[in-house]
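# Residue-level structure breakdown
The residues making up each chain are set out below.
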Amino acid sequence: NNLRRAVREQSRMAKSSRPFLIFGLGNRGGYDGTRHNVGSDMLLWLADRMGCSWNLDSKGRCDVALPCRETATALASSPVCTGLPSPGETSWERILASNHVVLVRPRGYMNESGKFVKKCIKSLDCTPSKILILHDDVQRSVGKVSLKNGGSAGGHNGVRSIIATLATQNFMRLRIGVGRPAVDTGEISDWVLTTFDKPENKILQQTAFPLAEREITKWISRSLSPP
């Protein structure tokens, strides 16, 4: 399909044969901007920052964006926030000079995430060790992010679906905090479908998403480093 062709074209200029796949989880169809979609929305932010556009794969299963070195070059002189420590890791420009990265936003519901991830991995001849799942985390406050390798789903339906479909827990997750309700007034499942307020959105744009980006580049850098 067109996704596979695009990645093959990227690989001609890269030394690695398999891409890094970054999945942003969420529900499709009017749920953008909700807490449950923060993984998907973070990839929208990242693609916009890197100047790459989204395209629907040939079977309508997901939206994909392919960052390239040329668009990433400008990021070195375009800091996204102030007051945060330097990432101290490989830049996007250097990463994309010899590797290819695919941003993926599955088109479906959260509890179906596994089938989209599995089909994408199979289509691109990838392995679970080269995927990263971005998802919401109610155990962390807005503005906090945490990289995790393996473990249980922690009550997250999208991650649970991926574990069940891939038959392994051994893949990386980047958990993005969405907070909990101040008062226990109902189900968490209702809470994560609410939208962020204006101050929370500012924290996402100025703190959480930049931190998430840095965790992504660190993960790729560590994956490229010899053991």
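On a predicted model such as this, the values are computed, not experimentally measured, just so you know.

Of all hydrophobic cores here, the largest spans 35 residues; its most connected members are I22, M42, L46, W92, V101 and I216. Counting residues in each nonpolar core, the second largest holds 21 residues, with L21, C120, A153 and F171 among its members.

This part covers the packing of helix α5 (residues 113–123) against helix α6 (residues 157–166). Pairs of packed helices are described in terms of their axes, by the angle between the two and the distance that separates them. Here α5 crosses α6 at 50°, and the two axes come no closer than 7 Å. Classified by the angle between their axes, α5 and α6 sit oblique to one another. By crossing handedness, the relation of α5 to α6 is classed as right-handed. Note on element contacts: α6 touches α5 through G158, S161, I162, T165 and L166, opposite S113, G114, K115, V117, K118 and I121. Looking at the contact of α5 with α6, its residues break down into four nonpolar, five polar and two charged.

Once that is clear, we can look at the packing of helix α2 (residues 38–50) against helix α8 (residues 198–224). At their nearest, the axes of α2 and α8 sit 10 Å apart, and the two run at 85° to each other. One finds that α2 runs roughly perpendicular with respect to α8. Residues V38, D41, M42, W45, L46 and R49 of α2 form the contact with α8, whose own contacting residues are L204, Q205, F209, P210, A212, E213 and I216. Looking at the contact of α2 with α8 residue by residue, the classes come out as nine nonpolar, one polar and three charged.

Because side chains alternate across strand β3 (residues 62–65), one face comprises the buried residues C62 and V64, and the other comprises D63 and A65, equally buried. Note that strand β2 (residues 55–56) and β3 share two bridges and pair antiparallel. Note that in β3 the partner of N55 across the bridge is V64. Relative to strand β4 (residues 101–106), β3 runs antiparallel, the two sharing four bridges.

Let us now look at the environment of E213. For E213, the location among the structural elements is in helix α8. Considering only alpha carbons, one finds E213 and W45, 168 residues apart in sequence, at a separation of 9.7 Å.

Another point: the pattern of salt bridges. Taken as a whole, this structure holds nine salt bridges when the rule is applied. The salt bridge partner of R49 is E213, with a shortest N-O separation of 2.7 Å. Here R49 is found in helix α2, whereas its partner E213 is found in helix α8, with 164 residues between them in sequence. Since its relative accessible area comes to 6%, E213 is described here as buried. Between K115 and E112 there is a salt bridge whose closest N-O contact spans 3.8 Å. Among the residues examined, E112 registers a relative accessible area of 29% and is labelled partly exposed. In the salt-bridge network here, residues are joined through shared partners; they are R28, D32, D63, R105 and R107.

This part is about the sheet that holds β4. What the seven strands build is an open sheet, ordered β2-β3-β4-β1-β5-β7-β6; its pairing is mixed. Each edge of the sheet is formed by a strand with only one pairing partner; in this case those strands are β2 and β6 (145–149). Sheet strands in contact with α2 are β1 (20–24), β3, β4, β5 (131–137) and β7 (172–177), and its direction is about 140° off that of β4.

How each quantity is defined
Here the residue index of a chain counts from 1 through its sequence in written order. At least 70 in pLDDT is required for a residue's local features to be given in this predicted model, at least 80 for side-chain atom pairs to be given and counted, and no such filter applies to totals for whole chains, interfaces and linings, which use all residues. Excluded from the side-chain calculations are hydrogens and water; all other atoms, namely the structure's heavy atoms, are used. Buried residues of nine kinds, namely Ala, Val, Leu, Ile, Met, Phe, Trp, Tyr and Cys, make up a nonpolar core once their side-chain atoms join them within 4.5 Å. Categorising residues by exposure relies on relative accessible area from a 1.4 Å probe, with only protein chains included: less than 20% of the type maximum marks a residue as buried, more than 50% marks it as exposed, and the intermediate range marks it as partly exposed. Convention adopted: a line fitted to C-alpha atoms gives each axis, helices being fitted over their contacting stretch, and angles between N-to-C directions are expressed from 0 to 180 degrees. Only DSSP runs of H or I covering at least 4 residues are called helices, and only runs of E covering at least 2 are called strands; the numbering of each starts at the N terminus. Roughly parallel covers angles under 35 degrees, roughly antiparallel covers those over 145, roughly perpendicular covers 65 to 115, and oblique covers all other angles. Note: crossing handedness is left-handed where the near helix turns anticlockwise from the far helix by less than a right angle, and right-handed where it turns clockwise. We call two residues in contact when some of their heavy atoms are within 4.5 Å. Nonpolar residues are Ala, Val, Leu, Ile, Met, Phe, Trp, Tyr, Cys and Pro. Charged residues are Asp, Glu, Lys and Arg, and all others, Gly as well, are polar. Between any two strands, at least two bridges found by DSSP are needed for them to pair. For this analysis, a salt bridge means a side-chain nitrogen from Lys or Arg found within 4 Å of a carboxyl oxygen belonging to Asp or Glu.

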